[in-house]
Amino acid sequence: MNAIATFALEKFYLTGFWRKHPKQALKPLTLEVPEGEIFGYLGPNGAGKTTTLRLLMGLVKPTAGSSKILNGTIEDPAIRAQIGFLPEQPYFYDYLTAVELLTYYAQLSGVPAGERQRRVASTLDRVGLAKDAVHTQLRKFSKGMLQRVGIAQAILHQPKLVFLDEPMSGLDPIGRREVRDLIASLKDEGKTVFFSTHILSDAEALCDRVAIVANGELRGVGAVAEMTSSLGGNMEVVWEGEGANEAIKALGRELRVAGAITRSVVPESMLNQVLDILRAKNARIISVTPVRATLEDYFLQKLAQTSGGAD
Amino acid sequence: MRIGYIAANTFREAVRDRVLYNLIVFAFLMIGASLVLGQITIGVERELLVNLGLAAIAFFGVLIAIFIGIGLVSKEIDKRTVYTVLTRPVQRWQFILGKYFGLVGTLAVNTFFMGCGLFLALLYMTHKFERADIYVLIAIFFVFLQMVIVTSFTMLFSSFSTPIESAVMAFCFFVIGSFSTDLHSLSASAKGIVKVFATIAAYVVPNISALNVSTAVAHGEAVAGATVALNLGYALLYSGAMVAAAALIFQRRNMK
(Lines give C-alpha, C1' and ligand atoms only; values in the text may rest on other atoms or scores of the structure.)
Protein backbone atom coordinates (compact mmCIF):
# COMPACT_ATOMS: atom_id res chain seq x y z
CA MET A 1 0.00 0.00 0.00
CA ASN A 2 1.15 3.54 -0.67
CA ALA A 3 1.76 5.76 2.33
CA ILE A 4 1.62 8.84 0.10
CA ALA A 5 0.13 9.31 -3.34
CA THR A 6 -0.29 12.58 -5.19
CA PHE A 7 -2.35 13.04 -8.33
CA ALA A 8 -1.35 16.04 -10.46
CA LEU A 9 -0.99 18.12 -7.30
CA GLU A 10 -0.49 21.72 -8.34
CA LYS A 11 -0.16 25.07 -6.64
CA PHE A 12 -0.33 28.63 -7.91
CA TYR A 13 0.14 31.62 -5.61
CA LEU A 14 -1.31 34.98 -6.50
CA THR A 15 1.32 37.68 -6.12
CA GLY A 16 1.46 41.44 -6.39
CA PHE A 17 -0.45 44.15 -4.53
CA TRP A 18 -3.78 43.26 -6.15
CA ARG A 19 -2.95 39.55 -6.19
CA LYS A 20 -3.42 39.39 -9.91
CA HIS A 21 -0.19 37.70 -10.93
CA PRO A 22 -0.26 33.92 -10.59
CA LYS A 23 3.06 32.27 -9.79
CA GLN A 24 3.32 28.52 -10.15
CA ALA A 25 5.03 27.12 -7.07
CA LEU A 26 4.42 23.48 -7.95
CA LYS A 27 3.78 22.01 -11.38
CA PRO A 28 1.42 19.00 -11.50
CA LEU A 29 3.08 16.43 -9.27
CA THR A 30 2.22 12.74 -9.43
CA LEU A 31 4.18 10.65 -6.98
CA GLU A 32 3.81 7.45 -4.98
CA VAL A 33 5.66 6.50 -1.82
CA PRO A 34 5.08 2.93 -0.60
CA GLU A 35 4.78 2.19 3.12
CA GLY A 36 7.98 1.44 5.01
CA GLU A 37 10.22 3.45 2.71
CA ILE A 38 12.61 6.30 3.46
CA PHE A 39 11.89 8.71 0.65
CA GLY A 40 14.07 11.72 -0.04
CA TYR A 41 12.61 14.81 -1.67
CA LEU A 42 15.56 16.70 -3.07
CA GLY A 43 15.94 20.07 -4.64
CA PRO A 44 17.77 23.36 -4.39
CA ASN A 45 16.40 26.20 -2.26
CA GLY A 46 13.15 27.51 -3.73
CA ALA A 47 12.53 24.34 -5.74
CA GLY A 48 9.07 23.71 -4.29
CA LYS A 49 9.92 21.20 -1.56
CA THR A 50 8.32 23.12 1.28
CA THR A 51 5.27 23.95 -0.86
CA THR A 52 4.81 20.23 -1.54
CA LEU A 53 5.04 19.44 2.17
CA ARG A 54 2.55 22.17 3.08
CA LEU A 55 0.15 20.82 0.47
CA LEU A 56 0.54 17.28 1.77
CA MET A 57 0.00 18.51 5.34
CA GLY A 58 -3.18 20.39 4.37
CA LEU A 59 -1.69 23.70 5.50
CA VAL A 60 -2.28 25.19 2.06
CA LYS A 61 -5.00 24.16 -0.39
CA PRO A 62 -3.97 22.90 -3.83
CA THR A 63 -4.97 24.86 -6.92
CA ALA A 64 -5.60 21.55 -8.67
CA GLY A 65 -5.02 17.86 -8.09
CA SER A 66 -5.23 15.88 -4.87
CA SER A 67 -3.25 13.70 -2.51
CA LYS A 68 -3.83 10.64 -0.38
CA ILE A 69 -2.07 10.01 2.90
CA LEU A 70 -2.27 6.48 4.35
CA ASN A 71 -5.13 5.85 1.93
CA GLY A 72 -7.18 8.71 3.35
CA THR A 73 -7.15 12.48 3.21
CA ILE A 74 -5.21 14.84 5.41
CA GLU A 75 -8.48 16.57 6.37
CA ASP A 76 -9.41 13.45 8.36
CA PRO A 77 -8.23 13.83 12.01
CA ALA A 78 -7.85 10.03 12.24
CA ILE A 79 -5.24 10.22 9.46
CA ARG A 80 -3.51 13.19 11.09
CA ALA A 81 -3.23 11.17 14.29
CA GLN A 82 -0.97 8.78 12.37
CA ILE A 83 1.44 11.31 10.94
CA GLY A 84 4.28 13.36 12.40
CA PHE A 85 5.56 16.58 10.88
CA LEU A 86 8.72 18.61 11.39
CA PRO A 87 8.42 21.98 9.62
CA GLU A 88 11.45 23.73 8.14
CA GLN A 89 13.21 25.91 10.74
CA PRO A 90 10.64 25.07 13.39
CA TYR A 91 9.56 27.67 15.92
CA PHE A 92 7.75 26.61 19.04
CA TYR A 93 6.00 28.31 21.95
CA ASP A 94 9.15 29.74 23.51
CA TYR A 95 7.54 30.37 26.90
CA LEU A 96 7.27 26.60 27.40
CA THR A 97 9.94 24.14 28.45
CA ALA A 98 10.68 21.14 26.25
CA VAL A 99 8.73 18.90 28.64
CA GLU A 100 5.72 21.26 28.71
CA LEU A 101 5.73 21.56 24.91
CA LEU A 102 5.87 17.83 24.32
CA THR A 103 3.20 17.20 26.95
CA TYR A 104 0.95 19.69 25.16
CA TYR A 105 1.53 17.99 21.82
CA ALA A 106 0.96 14.59 23.41
CA GLN A 107 -2.42 15.84 24.66
CA LEU A 108 -3.35 17.13 21.20
CA SER A 109 -2.21 13.89 19.56
CA GLY A 110 -4.37 11.79 21.87
CA VAL A 111 -1.59 10.05 23.80
CA PRO A 112 -3.33 8.51 26.86
CA ALA A 113 -2.84 10.56 30.06
CA GLY A 114 -1.19 7.69 31.93
CA GLU A 115 1.42 7.31 29.22
CA ARG A 116 2.29 10.93 28.48
CA GLN A 117 5.02 11.52 31.05
CA ARG A 118 6.91 8.35 30.13
CA ARG A 119 6.50 8.98 26.39
CA VAL A 120 7.75 12.57 26.68
CA ALA A 121 10.81 11.54 28.70
CA SER A 122 11.74 8.66 26.41
CA THR A 123 11.32 10.77 23.24
CA LEU A 124 13.48 13.61 24.58
CA ASP A 125 16.06 11.01 25.51
CA ARG A 126 15.84 9.48 22.04
CA VAL A 127 16.62 12.78 20.29
CA GLY A 128 19.57 13.32 22.60
CA LEU A 129 18.36 16.44 24.39
CA ALA A 130 20.46 16.94 27.51
CA LYS A 131 18.57 16.08 30.71
CA ASP A 132 19.31 19.47 32.32
CA ALA A 133 17.82 21.28 29.29
CA VAL A 134 14.38 19.69 29.29
CA HIS A 135 13.07 22.01 32.00
CA THR A 136 14.52 25.17 30.42
CA GLN A 137 12.28 27.54 28.45
CA LEU A 138 12.69 27.06 24.70
CA ARG A 139 13.62 30.74 24.20
CA LYS A 140 17.00 29.84 25.70
CA PHE A 141 17.59 26.93 23.29
CA SER A 142 20.14 26.95 20.47
CA LYS A 143 19.04 26.26 16.88
CA GLY A 144 20.33 22.70 17.08
CA MET A 145 18.46 22.04 20.34
CA LEU A 146 15.24 23.41 18.83
CA GLN A 147 15.73 21.10 15.86
CA ARG A 148 15.97 18.16 18.25
CA VAL A 149 12.77 19.28 19.99
CA GLY A 150 11.19 19.54 16.55
CA ILE A 151 12.12 15.99 15.71
CA ALA A 152 10.90 14.84 19.13
CA GLN A 153 7.44 16.38 18.60
CA ALA A 154 7.22 14.71 15.19
CA ILE A 155 7.79 11.19 16.54
CA LEU A 156 6.33 11.59 20.04
CA HIS A 157 2.98 9.96 19.30
CA GLN A 158 4.58 7.07 17.37
CA PRO A 159 3.14 7.98 13.98
CA LYS A 160 3.12 5.59 11.02
CA LEU A 161 4.32 8.24 8.61
CA VAL A 162 6.82 10.99 9.41
CA PHE A 163 7.37 14.11 7.28
CA LEU A 164 10.62 15.95 7.95
CA ASP A 165 11.37 19.24 6.22
CA GLU A 166 15.16 19.75 6.23
CA PRO A 167 15.70 17.68 9.40
CA MET A 168 19.48 18.18 9.47
CA SER A 169 19.23 21.97 9.35
CA GLY A 170 21.10 23.67 12.19
CA LEU A 171 22.73 20.50 13.44
CA ASP A 172 26.45 19.98 13.94
CA PRO A 173 28.12 16.91 12.35
CA ILE A 174 27.48 14.76 15.42
CA GLY A 175 23.87 15.89 15.55
CA ARG A 176 23.44 15.12 11.85
CA ARG A 177 24.82 11.66 12.36
CA GLU A 178 22.45 11.08 15.29
CA VAL A 179 19.46 12.24 13.26
CA ARG A 180 20.51 10.01 10.36
CA ASP A 181 20.63 7.06 12.78
CA LEU A 182 17.25 8.05 14.17
CA ILE A 183 15.66 8.18 10.72
CA ALA A 184 17.14 4.77 9.93
CA SER A 185 15.73 3.41 13.20
CA LEU A 186 12.27 4.73 12.27
CA LYS A 187 12.44 2.62 9.13
CA ASP A 188 13.47 -0.39 11.24
CA GLU A 189 10.28 0.16 13.25
CA GLY A 190 8.28 -0.10 10.02
CA LYS A 191 7.53 3.60 9.69
CA THR A 192 7.56 5.54 6.45
CA VAL A 193 9.76 8.63 6.35
CA PHE A 194 9.39 11.39 3.77
CA PHE A 195 12.06 14.00 4.13
CA SER A 196 13.09 16.98 2.11
CA THR A 197 16.68 18.11 1.94
CA HIS A 198 19.22 19.79 -0.24
CA ILE A 199 22.06 17.90 1.46
CA LEU A 200 22.61 15.10 -1.00
CA SER A 201 24.98 13.02 1.11
CA ASP A 202 22.20 12.61 3.72
CA ALA A 203 19.77 11.42 1.07
CA GLU A 204 22.33 9.08 -0.49
CA ALA A 205 23.13 7.53 2.88
CA LEU A 206 19.53 7.06 3.98
CA CYS A 207 16.99 6.88 1.21
CA ASP A 208 15.47 3.88 -0.49
CA ARG A 209 14.25 6.20 -3.22
CA VAL A 210 14.50 9.86 -3.98
CA ALA A 211 12.68 12.41 -6.09
CA ILE A 212 14.41 15.44 -7.54
CA VAL A 213 12.46 18.64 -7.90
CA ALA A 214 13.54 21.97 -9.35
CA ASN A 215 11.59 25.08 -10.32
CA GLY A 216 8.48 23.40 -8.93
CA GLU A 217 8.81 20.49 -11.33
CA LEU A 218 9.60 16.83 -10.70
CA ARG A 219 12.79 16.02 -12.63
CA GLY A 220 13.35 12.41 -11.66
CA VAL A 221 12.34 9.73 -9.20
CA GLY A 222 13.80 6.33 -8.39
CA ALA A 223 16.25 4.32 -6.33
CA VAL A 224 19.59 6.02 -5.73
CA ALA A 225 21.55 3.11 -7.28
CA GLU A 226 19.38 3.17 -10.42
CA MET A 227 19.86 6.89 -10.81
CA THR A 228 23.61 6.85 -10.44
CA SER A 229 24.10 3.81 -12.68
CA SER A 230 22.07 5.51 -15.40
CA LEU A 231 24.88 8.04 -15.79
CA GLY A 232 27.37 5.39 -17.06
CA GLY A 233 30.69 4.55 -15.41
CA ASN A 234 34.11 6.12 -15.39
CA MET A 235 37.41 4.45 -14.55
CA GLU A 236 40.37 5.92 -12.73
CA VAL A 237 43.69 4.74 -14.19
CA VAL A 238 46.98 5.24 -12.30
CA TRP A 239 50.35 4.55 -13.88
CA GLU A 240 54.06 5.20 -13.52
CA GLY A 241 56.17 6.50 -16.42
CA GLU A 242 55.83 9.73 -18.31
CA GLY A 243 56.23 8.36 -21.83
CA ALA A 244 52.48 7.79 -22.30
CA ASN A 245 51.26 11.14 -20.94
CA GLU A 246 51.26 13.06 -24.21
CA ALA A 247 49.36 10.29 -26.03
CA ILE A 248 46.70 10.14 -23.29
CA LYS A 249 46.37 13.92 -23.34
CA ALA A 250 45.85 13.70 -27.08
CA LEU A 251 42.68 11.65 -26.35
CA GLY A 252 41.30 14.72 -24.58
CA ARG A 253 41.72 13.41 -21.05
CA GLU A 254 42.99 15.46 -18.13
CA LEU A 255 46.05 14.21 -16.27
CA ARG A 256 47.11 14.74 -12.68
CA VAL A 257 50.83 14.24 -12.28
CA ALA A 258 52.46 13.81 -8.87
CA GLY A 259 56.13 12.98 -9.25
CA ALA A 260 56.43 9.88 -11.41
CA ILE A 261 52.78 8.89 -10.80
CA THR A 262 50.02 10.01 -13.17
CA ARG A 263 46.26 9.66 -12.75
CA SER A 264 43.43 10.12 -15.21
CA VAL A 265 39.69 9.46 -15.16
CA VAL A 266 38.46 8.01 -18.46
CA PRO A 267 35.07 6.79 -19.65
CA GLU A 268 34.60 3.03 -19.47
CA SER A 269 34.27 2.92 -23.27
CA MET A 270 37.75 4.40 -23.68
CA LEU A 271 39.51 2.15 -21.13
CA ASN A 272 40.96 -0.43 -23.54
CA GLN A 273 42.34 2.27 -25.81
CA VAL A 274 44.06 3.96 -22.83
CA LEU A 275 45.48 0.68 -21.53
CA ASP A 276 46.82 -0.17 -25.03
CA ILE A 277 48.64 3.17 -25.14
CA LEU A 278 50.11 2.65 -21.67
CA ARG A 279 51.37 -0.83 -22.62
CA ALA A 280 52.80 0.45 -25.89
CA LYS A 281 54.70 3.18 -24.05
CA ASN A 282 55.98 0.72 -21.41
CA ALA A 283 54.19 2.54 -18.57
CA ARG A 284 53.72 0.55 -15.34
CA ILE A 285 49.97 0.31 -14.66
CA ILE A 286 49.46 0.68 -10.91
CA SER A 287 45.65 0.52 -10.66
CA VAL A 288 42.40 0.62 -12.62
CA THR A 289 39.45 1.52 -10.37
CA PRO A 290 35.79 2.09 -11.25
CA VAL A 291 34.56 5.56 -10.24
CA ARG A 292 30.95 5.39 -9.08
CA ALA A 293 28.70 8.25 -10.14
CA THR A 294 27.20 10.00 -7.11
CA LEU A 295 23.72 11.25 -6.47
CA GLU A 296 25.22 14.71 -6.76
CA ASP A 297 26.28 13.97 -10.37
CA TYR A 298 22.75 12.82 -11.17
CA PHE A 299 21.23 15.79 -9.33
CA LEU A 300 23.38 18.32 -11.17
CA GLN A 301 22.65 16.66 -14.48
CA LYS A 302 18.88 16.81 -13.81
CA LEU A 303 19.07 20.45 -12.78
CA ALA A 304 20.99 21.28 -15.92
CA GLN A 305 18.22 19.71 -18.04
CA THR A 306 15.36 22.00 -19.10
CA SER A 307 14.51 25.35 -17.49
CA GLY A 308 18.18 26.19 -17.11
CA GLY A 309 18.73 24.75 -13.61
CA ALA A 310 17.89 25.87 -10.11
CA ASP A 311 15.91 28.97 -9.33
CA MET B 1 -11.06 17.94 25.23
CA ARG B 2 -8.57 19.34 22.70
CA ILE B 3 -10.27 22.73 22.95
CA GLY B 4 -9.49 22.64 26.68
CA TYR B 5 -5.82 21.83 26.06
CA ILE B 6 -5.48 24.70 23.57
CA ALA B 7 -7.32 27.04 25.96
CA ALA B 8 -5.04 26.02 28.84
CA ASN B 9 -1.96 26.67 26.71
CA THR B 10 -3.31 30.08 25.63
CA PHE B 11 -3.97 30.93 29.27
CA ARG B 12 -0.43 29.85 30.15
CA GLU B 13 0.97 32.00 27.33
CA ALA B 14 -0.94 35.04 28.57
CA VAL B 15 0.04 34.65 32.23
CA ARG B 16 3.71 34.34 31.20
CA ASP B 17 3.48 37.59 29.23
CA ARG B 18 4.89 40.65 31.04
CA VAL B 19 2.54 43.01 29.21
CA LEU B 20 -0.34 41.51 31.16
CA TYR B 21 1.22 42.31 34.52
CA ASN B 22 2.13 45.83 33.47
CA LEU B 23 -1.49 46.49 32.55
CA ILE B 24 -2.79 44.95 35.78
CA VAL B 25 -0.39 47.08 37.84
CA PHE B 26 -1.66 50.18 36.02
CA ALA B 27 -5.25 49.14 36.76
CA PHE B 28 -4.47 48.82 40.47
CA LEU B 29 -2.71 52.19 40.42
CA MET B 30 -5.84 53.71 38.88
CA ILE B 31 -8.04 52.18 41.58
CA GLY B 32 -5.61 53.45 44.23
CA ALA B 33 -5.61 56.92 42.66
CA SER B 34 -9.42 57.04 42.68
CA LEU B 35 -9.28 56.20 46.39
CA VAL B 36 -7.03 59.21 46.97
CA LEU B 37 -9.22 61.42 44.78
CA GLY B 38 -12.29 60.24 46.69
CA GLN B 39 -10.74 61.36 49.97
CA ILE B 40 -10.19 64.91 48.75
CA THR B 41 -13.77 65.28 47.56
CA ILE B 42 -16.72 65.78 49.86
CA GLY B 43 -19.93 63.76 49.66
CA VAL B 44 -19.21 61.89 46.45
CA GLU B 45 -16.31 59.70 47.62
CA ARG B 46 -18.05 56.41 46.90
CA GLU B 47 -19.48 57.59 43.58
CA LEU B 48 -16.05 58.71 42.38
CA LEU B 49 -14.34 55.53 43.53
CA VAL B 50 -16.90 53.25 41.84
CA ASN B 51 -16.91 55.27 38.63
CA LEU B 52 -13.13 55.50 38.30
CA GLY B 53 -12.57 51.95 39.53
CA LEU B 54 -14.99 50.45 36.99
CA ALA B 55 -13.50 52.65 34.24
CA ALA B 56 -10.00 51.40 35.13
CA ILE B 57 -11.09 47.75 35.06
CA ALA B 58 -12.88 48.25 31.72
CA PHE B 59 -10.09 50.27 30.11
CA PHE B 60 -7.26 47.92 31.05
CA GLY B 61 -9.38 44.81 30.47
CA VAL B 62 -10.20 45.97 26.95
CA LEU B 63 -6.53 46.85 26.35
CA ILE B 64 -5.53 43.33 27.39
CA ALA B 65 -8.29 41.82 25.22
CA ILE B 66 -7.13 43.80 22.17
CA PHE B 67 -3.36 43.52 22.68
CA ILE B 68 -3.37 39.81 23.35
CA GLY B 69 -6.33 39.12 21.05
CA ILE B 70 -4.68 40.61 17.94
CA GLY B 71 -1.90 38.02 18.13
CA LEU B 72 -4.07 35.05 19.03
CA VAL B 73 -4.24 33.71 15.48
CA SER B 74 -1.94 35.90 13.38
CA LYS B 75 1.06 35.39 15.66
CA GLU B 76 0.60 31.63 15.46
CA ILE B 77 0.61 31.84 11.66
CA ASP B 78 3.53 34.30 11.46
CA LYS B 79 5.68 32.25 13.80
CA ARG B 80 4.44 29.03 12.21
CA THR B 81 3.66 27.49 15.61
CA VAL B 82 0.28 26.65 14.10
CA TYR B 83 1.92 24.10 11.78
CA THR B 84 2.64 21.62 14.53
CA VAL B 85 -0.86 22.00 15.97
CA LEU B 86 -2.99 21.79 12.82
CA THR B 87 -1.10 18.73 11.56
CA ARG B 88 -2.35 16.86 14.62
CA PRO B 89 -5.89 15.56 15.03
CA VAL B 90 -7.13 19.07 15.82
CA GLN B 91 -9.88 20.66 13.75
CA ARG B 92 -9.35 24.27 12.80
CA TRP B 93 -12.54 25.37 14.56
CA GLN B 94 -11.32 23.63 17.71
CA PHE B 95 -8.13 25.66 17.51
CA ILE B 96 -10.09 28.92 17.20
CA LEU B 97 -12.42 28.03 20.08
CA GLY B 98 -9.50 26.93 22.26
CA LYS B 99 -7.62 30.18 21.66
CA TYR B 100 -10.77 32.18 22.38
CA PHE B 101 -11.62 30.41 25.62
CA GLY B 102 -7.99 30.67 26.73
CA LEU B 103 -8.02 34.45 26.46
CA VAL B 104 -11.50 34.77 27.94
CA GLY B 105 -10.29 32.65 30.88
CA THR B 106 -7.30 34.97 31.32
CA LEU B 107 -9.60 38.00 31.28
CA ALA B 108 -11.93 36.36 33.81
CA VAL B 109 -9.06 35.86 36.25
CA ASN B 110 -7.83 39.42 35.68
CA THR B 111 -11.29 40.87 36.17
CA PHE B 112 -11.68 38.83 39.33
CA PHE B 113 -8.47 40.24 40.82
CA MET B 114 -9.15 43.80 39.66
CA GLY B 115 -12.70 43.49 41.06
CA CYS B 116 -11.23 42.31 44.38
CA GLY B 117 -9.01 45.41 44.31
CA LEU B 118 -12.00 47.68 43.80
CA PHE B 119 -13.97 46.02 46.62
CA LEU B 120 -10.98 46.28 48.97
CA ALA B 121 -10.79 49.99 48.14
CA LEU B 122 -14.54 50.31 48.81
CA LEU B 123 -14.19 48.51 52.13
CA TYR B 124 -11.26 50.75 53.07
CA MET B 125 -13.35 53.83 52.32
CA THR B 126 -16.73 52.89 53.81
CA HIS B 127 -15.60 50.27 56.38
CA LYS B 128 -18.62 48.12 55.44
CA PHE B 129 -20.37 46.52 52.49
CA GLU B 130 -23.76 47.86 51.43
CA ARG B 131 -26.60 46.35 49.43
CA ALA B 132 -25.72 48.72 46.55
CA ASP B 133 -22.34 46.99 46.30
CA ILE B 134 -24.11 44.00 44.68
CA TYR B 135 -24.82 46.29 41.73
CA VAL B 136 -21.12 47.18 41.57
CA LEU B 137 -20.51 43.46 41.28
CA ILE B 138 -23.02 43.30 38.40
CA ALA B 139 -21.31 46.26 36.74
CA ILE B 140 -17.98 44.38 36.96
CA PHE B 141 -19.70 41.37 35.39
CA PHE B 142 -20.90 43.61 32.54
CA VAL B 143 -17.35 44.90 32.09
CA PHE B 144 -16.26 41.27 31.76
CA LEU B 145 -18.98 40.75 29.13
CA GLN B 146 -17.55 43.73 27.23
CA MET B 147 -14.18 41.96 27.23
CA VAL B 148 -15.82 38.73 26.02
CA ILE B 149 -17.25 40.65 23.07
CA VAL B 150 -14.08 42.64 22.38
CA THR B 151 -12.03 39.41 22.38
CA SER B 152 -14.44 37.84 19.89
CA PHE B 153 -14.25 40.58 17.27
CA THR B 154 -10.53 41.10 17.83
CA MET B 155 -10.08 37.41 17.14
CA LEU B 156 -12.22 37.69 14.00
CA PHE B 157 -10.01 40.50 12.69
CA SER B 158 -6.91 38.56 13.71
CA SER B 159 -8.05 35.60 11.60
CA PHE B 160 -7.60 37.50 8.32
CA SER B 161 -5.37 40.52 8.94
CA THR B 162 -2.08 41.60 10.46
CA PRO B 163 -1.83 42.44 14.19
CA ILE B 164 -1.65 46.19 13.52
CA GLU B 165 -4.68 46.15 11.19
CA SER B 166 -6.53 44.00 13.73
CA ALA B 167 -5.70 46.42 16.55
CA VAL B 168 -6.93 49.45 14.58
CA MET B 169 -10.16 47.71 13.51
CA ALA B 170 -10.80 46.32 17.01
CA PHE B 171 -10.23 49.70 18.63
CA CYS B 172 -12.57 51.42 16.12
CA PHE B 173 -15.21 48.75 16.68
CA PHE B 174 -14.97 49.21 20.42
CA VAL B 175 -15.21 53.00 20.26
CA ILE B 176 -18.16 52.93 17.84
CA GLY B 177 -19.80 50.22 19.96
CA SER B 178 -19.45 52.45 23.02
CA PHE B 179 -21.68 54.98 21.25
CA SER B 180 -24.10 52.42 19.83
CA THR B 181 -27.06 54.03 21.63
CA ASP B 182 -26.41 57.21 19.62
CA LEU B 183 -26.11 55.10 16.49
CA HIS B 184 -29.55 53.59 17.14
CA SER B 185 -30.98 57.09 17.70
CA LEU B 186 -29.42 58.22 14.41
CA SER B 187 -30.86 55.27 12.52
CA ALA B 188 -34.31 56.09 13.92
CA SER B 189 -34.19 59.76 12.97
CA ALA B 190 -32.16 59.71 9.73
CA LYS B 191 -33.52 59.25 6.23
CA GLY B 192 -32.33 57.68 2.97
CA ILE B 193 -28.86 56.21 2.60
CA VAL B 194 -27.73 57.58 5.99
CA LYS B 195 -30.55 55.64 7.66
CA VAL B 196 -29.51 52.45 5.85
CA PHE B 197 -25.87 52.79 6.87
CA ALA B 198 -26.68 53.85 10.43
CA THR B 199 -29.07 50.89 10.85
CA ILE B 200 -26.54 48.39 9.51
CA ALA B 201 -23.77 49.87 11.67
CA ALA B 202 -26.02 49.91 14.74
CA TYR B 203 -26.63 46.17 14.43
CA VAL B 204 -23.17 45.11 13.24
CA VAL B 205 -21.07 46.91 15.83
CA PRO B 206 -21.44 45.55 19.35
CA ASN B 207 -23.76 47.34 21.73
CA ILE B 208 -21.04 48.11 24.26
CA SER B 209 -22.95 51.07 25.72
CA ALA B 210 -25.69 48.70 26.96
CA LEU B 211 -23.04 46.97 29.05
CA ASN B 212 -21.88 50.18 30.69
CA VAL B 213 -23.87 50.76 33.88
CA SER B 214 -21.04 52.41 35.83
CA THR B 215 -22.70 55.79 36.35
CA ALA B 216 -25.98 54.23 37.48
CA VAL B 217 -24.41 51.85 40.01
CA ALA B 218 -22.07 54.61 41.24
CA HIS B 219 -25.24 56.50 42.20
CA GLY B 220 -26.49 53.38 43.98
CA GLU B 221 -29.16 52.62 41.37
CA ALA B 222 -30.34 49.01 41.00
CA VAL B 223 -29.76 46.89 37.90
CA ALA B 224 -32.81 44.86 36.92
CA GLY B 225 -32.55 41.07 36.65
CA ALA B 226 -33.97 41.25 33.11
CA THR B 227 -31.14 43.59 32.10
CA VAL B 228 -28.60 41.07 33.41
CA ALA B 229 -30.26 38.24 31.47
CA LEU B 230 -30.58 40.31 28.28
CA ASN B 231 -26.98 41.53 28.41
CA LEU B 232 -25.67 38.04 29.11
CA GLY B 233 -27.71 36.60 26.22
CA TYR B 234 -26.61 39.41 23.90
CA ALA B 235 -22.91 38.96 24.79
CA LEU B 236 -23.09 35.20 24.23
CA LEU B 237 -24.91 35.53 20.91
CA TYR B 238 -22.74 38.33 19.56
CA SER B 239 -19.44 36.77 20.57
CA GLY B 240 -20.67 33.36 19.35
CA ALA B 241 -21.38 34.84 15.92
CA MET B 242 -17.97 36.55 15.80
CA VAL B 243 -16.09 33.39 16.82
CA ALA B 244 -18.08 31.32 14.29
CA ALA B 245 -17.12 33.81 11.55
CA ALA B 246 -13.47 33.64 12.66
CA ALA B 247 -13.61 29.83 12.50
CA LEU B 248 -15.15 29.93 9.00
CA ILE B 249 -12.44 32.27 7.71
CA PHE B 250 -9.69 30.26 9.39
CA GLN B 251 -11.07 27.02 7.94
CA ARG B 252 -10.49 28.28 4.41
CA ARG B 253 -7.25 30.11 5.06
CA ASN B 254 -3.91 29.05 3.58
CA MET B 255 -1.09 28.98 6.12
CA LYS B 256 1.88 30.84 4.63
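Above this text sits the structure in question.
Rules and cut-offs
- Residues numbered from 1 in each chain as written.
- Chains lettered and ligands numbered in written order.
- Predicted model: local features only at pLDDT ≥ 70, side-chain atom pairs only at ≥ 80, totals over all residues.
- Heavy atoms only, no water.
- Salt bridge = Lys/Arg side-chain N within 4 Å of Asp/Glu carboxyl O.
- Helix = DSSP H or I, 4+ residues; strand = E, 2+ residues; numbered from the N terminus.
- Buried < 20%, exposed > 50% of the residue type's maximum accessible area, 1.4 Å probe, protein only.
- Phe/Tyr/Trp six-rings, centres within 6.5 Å; stacked < 30°, edge-to-face > 60°.
- Polar contact = N/O pair within 3.5 Å; in protein donor to acceptor, adjacent residues only side chain to side chain.
- Contact = heavy atoms within 4.5 Å.
- Core = buried A, V, L, I, M, F, W, Y, C linked by side-chain atoms within 4.5 Å.
- Pairing = 2+ DSSP bridges.
- Axes fitted to C-alpha atoms, helices over the stretch in contact; angles between N-to-C directions.

**Focus: the pattern of salt bridges**
This structure, assessed with the given rule, holds 23 salt bridges over all chains. Close ionic contact of E115(A) with R118(A) constitutes a salt bridge, the shortest N to O distance being 3.5 Å. Taken together, the positions of E115(A) and R118(A), both in helix α4 (residues 113–126) and three residues apart, correspond to about one turn of that helix. The class for R118(A) is exposed, based on a relative accessible area of 53%. By sharing partners, the salt bridges in this structure join E13(B), K75(B), E76(B) and K99(B) into a single network.

**As for the packing of aromatic side chains**
Scanning all chains against the criterion turns up 18 aromatic pairs over all chains. A ring pair is formed by Y93(A) and Y104(A), whose centres lie 5.9 Å apart and whose planes are at 75°; its orientation type is edge-to-face. Within this pair, whereas Y93(A) is found in the loop between β5 (83–86) and α3 (98–109), its partner Y104(A) is found in helix α3, the two being separated by 11 residues in sequence. A residue is classified by how much of its surface remains accessible, and Y93(A), at 4% relative accessible area, is buried. Here the aromatic rings of Y100(B) and F101(B) are separated by 5.8 Å at their centres, their planes lie at 55°, and the arrangement is tilted. In this structure F101(B) comes out as partly exposed when scored by relative accessible area, which is 44%. Cluster of aromatic residues (ring-pair linked, three or more members): F92(A), Y93(A), Y95(A), Y104(A) and Y105(A).

**Side note on the side chain of S180(B)**
All names here are of chain B. Following the sequence through the fold, S180 ends up in helix α9 (residues 180–189). Overall, S180 belongs to the buried group, its relative accessible area being 0%. Looking at S180, its side chain comes within polar contact range of the main-chain oxygen of G177, at 3.0 Å. Not counting residues within four places of it along the chain, the set of residues in contact with S180 comprises P206, N207, I208 and S209.

**Considering the nonpolar core**
I69(A), F163(A), F194(A) and F153(B) are the most contacted members of the largest nonpolar core, which has 160 residues in total. For this core, the element with the most residues is helix α7 (residues 133–158) of chain B, which contributes 17 residues. When neighbours within four sequence positions are excluded, I69(A) is seen to be in contact with A3(A), I4(A), L56(A), I74(A), I79(A), I83(A), L161(A) and F163(A). With 14 residues, the next largest nonpolar core counts I248(A), L255(A), V274(A) and I277(A) among its residues.

**Comments concerning the sheet that holds strand β13 (residues 284–291) of chain A**
Whenever strands of a sheet pair, they do so through backbone hydrogen bonds, lying parallel or antiparallel. All names here are of chain A. Sheet architecture is open: four strands sit in the order β11-β12-β10-β13, paired in antiparallel fashion. Two strands lie at the open edges of the sheet, namely β11 (256–258) and β13, each paired on one side alone. With strand direction ignored, the average angle separating the axes of adjacent strands in the sheet is 20°. Across seven bridges, strand β10 (residues 234–240) lies against β13 in antiparallel orientation. Within the sheet, the bridge partner assigned to M235 lies in β13 and is P290. Where helix α10 (residues 271–280) meets the sheet, it contacts β10, β12 (261–267) and β13, and its direction lies at approximately 5° from that of β10.

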